Amino acid sequence: MAAREIIPMRVPTPFAVGDVIVYLVKDEALTLIDCGPNTKEAAESLSRQLAENGAAISDIEQVVLTHHHADHSGLLHLFSEQTEIIGHPLNERYITQDKLYMAQQEHFFLRLLTDMGVPITPEDIHKTIKMSYLFSAKRSLTKTVRENGKIDGLDGWTVLEIPGHAASHIALFHEESGKMFSGDLLLSNSSTNPILEAPEQGSGRTSPMLDYVKSMKRLYDINPSIAYPGHGDLLTQVRPAADRRLEKQRNRAEYVLHMLSEETLTAYQVCRRLFPAVYENELFLTMSETIGHLDVLAAEGSVVSFQSENTLMFKAVGGEESGPINR
Ligand SMILES: [Zn+2]
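Each chain has its residues counted from 1, following the order in which its sequence is written. Predicted model: local features are reported for residues with pLDDT of at least 70 only, side-chain atom pairs are reported and counted for 80 or more only, and whole-chain, interface and lining totals are derived from all residues. Excluding hydrogens and water, the side-chain values take into account all heavy atoms of the structure.

**Thoughts on the pairing of strand S2 (residues 20-26)**
Working step 1: When accessible area is computed with a 1.4 Å probe and restricted to protein chains, residues below 20% of their type maximum are described as buried, those above 50% as exposed, and intermediate ones as partly exposed. Note on conventions: DSSP H or I runs of at least 4 residues are helices, E runs of at least 2 residues are strands, and numbering of each starts at the N terminus. For S2, the tally of buried residues reaches six of seven residues, placing the bulk of the element in the interior.
Working step 2: By definition, two strands form a pair when at least two bridges between them are found by DSSP. Inspection of the sheet shows strand S1 (residues 5-11) paired to S2 by seven bridges, in the antiparallel sense. Residue pairing across strands places Met9 opposite Val22, the latter belonging to S2.
Working step 3: Bridge analysis of S2 against strand S3 (residues 30-33) gives four bridges, and the strand direction is antiparallel. Its bridge partner lying in S3, Tyr23 is registered against Ile33.
Working step 4: Here S2 hands over to S3 after three residues, the two strands then running antiparallel side by side.

Below you can see the structure in the form of structure tokens.
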């Protein structure tokens, strides 16, 4: 087996999260795990760091995407036609900037957010969706991978599907050494969010928070010896970090349940109380998280929703009038 070497490279991003960490893997195939956002600074930084490690962009034989977000996939256009671009099939609708799917997103989010009580116009939605592609690539996958898949040239690594932060999210796990490329599932210095995505035409909404909690528990069970994340420091103590993350999620959900035991509210009203300082500037992220907590509470039967005129209202099950809490 070829001597395997993993070289982390910090690439700047225009996003609040800061640098993205992409990994040069010197295995049977010269592989890059993620590539950085579509900015001049990121392209220069990536080229320079590759050169410092004796490689050029044109030497990269394959790029594996942990997920489709622009800070991870935006530089795909730098690589030649011969470079394999590998990821979960759900990357494709974003990284190709598929017009039909963009229109589908606008339609879906206008309806969903209006339903959730957010005062929002079609123009707001159009702008938000457009902005989300600002640093994105325009490139197709050449190979898709799913749960349990193997990747040529990356000996001993197995693909795990870990949706939640993104529906396209995968991890690569090396069972023998216990190492894992874990993307944005769990970060040491910041908490990543489950983010709402529009479903394909004709299918229902997914629940990213439910997926996220499941993926986090899976990470806990696997307990990699080292997790190589998409941002921040390497994780060598995965279980305590996953525990803290799940506990924080649980506390927020309990707080939402408490709110709803006192008052019937729209998701937007819950969001404003949960994130009073940031909900206006980060409406999409904070609404994603709020709806996520409501999904978790609804799935366990502690919250129900009902339609009131054009808006969905949420209330706790088992308030004073309905007797003991039924969980
Ligand atoms: Zn991400």
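Resuming the write-up.
**A closer look at empty space enclosed by the protein**
Working step 1: Each cavity reported here is a set of points on a 1 Å grid over the protein atoms alone in which a 1.4 Å probe fits but cannot get out, each pocket an open set with protein on both sides within 12 Å along at least five of seven lines, and each lining residue one with an atom within 4 Å of a point. Grid points are joined across faces, edges and corners, and a volume is the space filled by probe spheres set on the points. Summed over the entire model, instances satisfying the criterion amount to one cavity of 30 Å³ or more.
Working step 2: Its boundaries defined by the atoms lining it, the largest cavity holds a volume of some 30 Å³.
Working step 3: Lining the largest cavity are Ile21, Tyr23, Ile33, Asp34, Thr66, Phe181, Gly183, Tyr228, Pro229 and Gly230.
Working step 4: If you list the elements that add at least two residues to the lining of the largest cavity, you get S2, strand S9 (179-183) and strand S10 (226-229).
Working step 5: Among the residues making up the lining of the largest cavity, the classes are represented as six nonpolar, three polar and one charged. The nonpolar class holds Ala, Val, Leu, Ile, Met, Phe, Trp, Tyr, Cys and Pro. Asp, Glu, Lys and Arg form the charged class, and all remaining residues, Gly among them, are polar.

**Overview of the sheet that holds S9**
Pairing between sheet strands relies on hydrogen bonds along the backbone, with the strands arranged either parallel or antiparallel.
Working step 1: On the basis of which strands lie adjacent, the open sheet formed by four strands has the order S7-S8-S9-S10 and mixed pairing. Each edge of the open sheet is held by one strand with a lone partner, namely strand S7 (157-161) and S10. Within this sheet the neighbouring strands show an average axis-to-axis angle of 25°, counted without direction.
Working step 2: Pairing analysis gives four bridges linking S9 to S10, with the strands arranged parallel. Opposite Met180, over in S10, you have Ala227 as the bridge partner. For every element, the axis is a line fit to its C-alpha atoms; helices are fit only across the contacting stretch, and the angle between N-to-C directions ranges from 0 to 180 degrees.

**So, the coordination of the zinc ion**
Working step 1: For Na, K and Ca the donor cut-off is 3.2 Å, and for all other metals it is 2.8 Å, counting N, O and S atoms only; because water is absent from this set, sites may look incomplete. The zinc ion binds to the protein through His67 (NE2), His69 (ND1), His165 (NE2) and Asp184 (OD); the donor distances cover 2.2 to 2.6 Å.
Working step 2: The rule is simple: four donors are tetrahedral if all their angles sit between 85 and 135 degrees, four are square planar and six octahedral if opposite donors span more than 155 degrees and the others lie between 65 and 115, and anything that fits none of that is irregular. Here the zinc ion binds four donor atoms, and the angle range of 87 to 177° at the metal identifies the geometry as irregular.
Working step 3: Between the donor residues of the zinc ion, the gaps in sequence give the motif H-x1-H-x95-H-x18-D.

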